[in-house]
Amino acid sequence: MNINIPTPLRAYTGGQQTVSIPGATVGEALEALTGAYPELRQHLYSGEGKLRSFVNLYLNDDDIRYLPQKEATPVEESDELSIIPSIAGGCCRRLQILLGMPNL
Amino acid sequence: MLHLSYSDYAALRAHGEENYPHECCGVLLGNSTPEGNQVREIVRAGNTRTDRAHDRYNIAPEELIRIQRQARKQGLDIVGFYHSHPDCPAQWSQTDFAEAHWVGCSYVITRVDQDKAAVTNSFLLTGTSEEDKKFLDEPVEIAMNEAEIEQERGRS
């Protein structure tokens, strides 16, 4: 199956946007991915081996967290797995007022 | 350095004005070059933080995947993101930092006062991991044609 690598992690896949990885399930494909590109492991998983909270994994258009079999979900050669770090943030209005920060 | 056209610069600032008093957000598509991130197109995104849209933003991963697919077809990459800070400094906040995970990407922030865009700054997320990441102030180069220069003179 093809795994789409996001911009910040391509440094660990030799610059490849997409890598073709064998595997019968999502979990097997991920294991094969981190086997082929060991430096990816620390960016995807915490020290306890859990998927980092900000890393989203989508099998085609489905978040694997919400698939009944999660990482044990079977995959086909034509499936696409996307690794997509979250993007969020926001201003700190209360802190700004408390600290009297200037208008920057 | 972040390179973007005047029309993209004006469009992301206009997005902040339109969404005031809520935060706006979007994605910068382009190419990463030795001279910095070169923006070719900006894509507006929805803010899923409807509970605190005045001081929080979040782009749904499903939308990011759609944008990434579209970018790939055009030979482009995600090179950054933008959002607005309504009545707050155009500086990254602790929340922005904690939620920043796209190392090598530019994070553009526009301060919007009332409904007028004020300062726009860019910050480059650098580092090798979550543990050593940091934001660096990133200069922005805006490409303008003659008509746009005149337009900007007219504003000031």
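A. Focus on the side chain of Thr25(A). All names here are of chain A. Structurally, Thr25 can be placed in the loop between strand S2 (18-20) and helix H1 (26-36). Since its relative accessible area comes to 17%, Thr25 is described here as buried. With sequence-adjacent residues up to four places away left out, Thr25 is seen in contact with Glu71, Ala72, Thr73, Pro74 and Val75.

B. Spotlight on the environment of Asp63(A). Residues and elements named next belong to chain A. The topology assignment puts Asp63 in strand S4 (residues 62-63). Separated by 18 residues in sequence, Asp63 and Leu81 have C-alpha atoms that sit 9.8 Å apart. Discounting chain neighbours no more than four positions away, the residues touching Asp63 are Leu57 and Tyr58. Polar side-chain contacts of Asp63 include one of 2.9 Å to the backbone nitrogen of Arg65.

C. Structural detail: the pattern of salt bridges. Applying the stated criterion across every chain yields a total of 12 salt bridges over all chains. The partner of Glu31(A) in a salt bridge is Arg41(A), with the nearest N and O atoms 3.0 Å apart. Pair noted here: Glu31(A) is in helix H1 and Arg41(A) is in helix H2 (residues 41-44), with a separation of 10 residues, a long-range link. Among the ionic pairs, Lys133(B) bridges to Glu130(B), the shortest N-O distance being 3.1 Å. Under the relative-accessibility criterion, Glu130(B) is labelled partly exposed at 23%. Salt bridges here are not isolated pairs; linked through shared partners, they connect Asp61(A), Glu80(A) and Arg69(B).

D. Looking closely at the sheet that holds strand S8 (residues 134-138) of chain B. Residues and elements named next belong to chain B. With mixed pairing, 8 strands are arranged side by side in an open sheet as S8-S7-S6-S5-S2-S3-S1-S9. Lying at the two open borders of the sheet, with one neighbouring strand each, are S8 and strand S9 (140-143). Averaged over all pairs of adjacent strands, the angle between strand axes in this sheet comes to 35°, irrespective of strand direction. Sheet topology note: the strand S6 (residues 106-113)/strand S7 (residues 116-126) ladder contains 7 bridges and is antiparallel. Opposite Thr110, over in S7, you have Thr120 as the bridge partner. Docked against the sheet, helix H2 (residues 61-73) engages strand S2 (25-33), strand S3 (36-45) and strand S5 (77-86), running at close to 125° with respect to S3.

E. Focus on helix H1 (residues 6-19) of chain B. A rise of 1.5 Å per residue sets the reference length of H1(B), with its 14 residues, at 20 Å; its end C-alpha atoms lie 20 Å apart and thus fit the reference within 8%. Within the sequence span of H1(B), burial applies to Tyr6(B), Asp8(B), Tyr9(B), Leu12(B), Arg13(B), His15(B) and Gly16(B).

F. Highlighting the interface of chain B and chain A. The interface is formed by 41 residues belonging to chain B together with 32 residues belonging to chain A. Taking both partners together, chain B and chain A bury about 3200 Å²; carbon and sulfur atoms supply 54% of that area. One can count 4 salt bridges joining chain B with chain A. The closest approach of N and O atoms between Arg52(A) and Glu131(B), which form a salt bridge, is 3.8 Å. For the pair chain B and chain A, the interface holds 16 residue pairs in polar contact (both at pLDDT 80 or more). For the side of chain B that touches chain A, the secondary-structure elements that each account for two or more residues are strand S4 (57-59), H2, S5, helix H3 (94-98) and S6 of chain B. In terms of residue count, the dominant contributor to the side of chain B that touches chain A is H2(B) (7 residues). Grouping the amino acids of the side of chain B that touches chain A by side-chain chemistry returns 16 nonpolar, 12 polar and 13 charged. By the bridge criterion, 3 bridges tie strand S6 (residues 87-89) of chain A to S4(B) in an arrangement that is antiparallel. From the neighbouring strand, Gly89(A) faces S4(B), where its bridge partner is Tyr57(B).

G. Representation of the environment of Ile67(B) in the model. Residue and element names in this part refer to chain B. Take Ile67: it is sitting in helix H2. Judged by its relative accessible area of 4%, Ile67 falls in the buried class. Those residues in contact with Ile67 that lie beyond four places of it in its chain are Val27, Leu29 and Val43.

H. Quick look at the sheet that holds strand S5 (residues 80-85) of chain A. With mixed pairing, 5 strands are arranged side by side in an open sheet as S2-S1-S5-S3-S4 (chain A). At either margin of the open sheet sits one strand with a lone partner, and together these are S2 and S4 of chain A.

What counts and how
Residues numbered from 1 in each chain as written. Chains lettered and ligands numbered in written order. Predicted model: local features only at pLDDT ≥ 70, side-chain atom pairs only at ≥ 80, totals over all residues. Heavy atoms only, no water. Helix = DSSP H or I, 4+ residues; strand = E, 2+ residues; numbered from the N terminus. Buried < 20%, exposed > 50% of the residue type's maximum accessible area, 1.4 Å probe, protein only. Contact = heavy atoms within 4.5 Å. Polar contact = N/O pair within 3.5 Å; in protein donor to acceptor, adjacent residues only side chain to side chain. Salt bridge = Lys/Arg side-chain N within 4 Å of Asp/Glu carboxyl O. Pairing = 2+ DSSP bridges. Axes fitted to C-alpha atoms, helices over the stretch in contact; angles between N-to-C directions. Expected span 1.5 Å × (residues − 1). Buried area = accessible area lost by both parts, 1.4 Å probe. Nonpolar A, V, L, I, M, F, W, Y, C, P; charged D, E, K, R; others polar.

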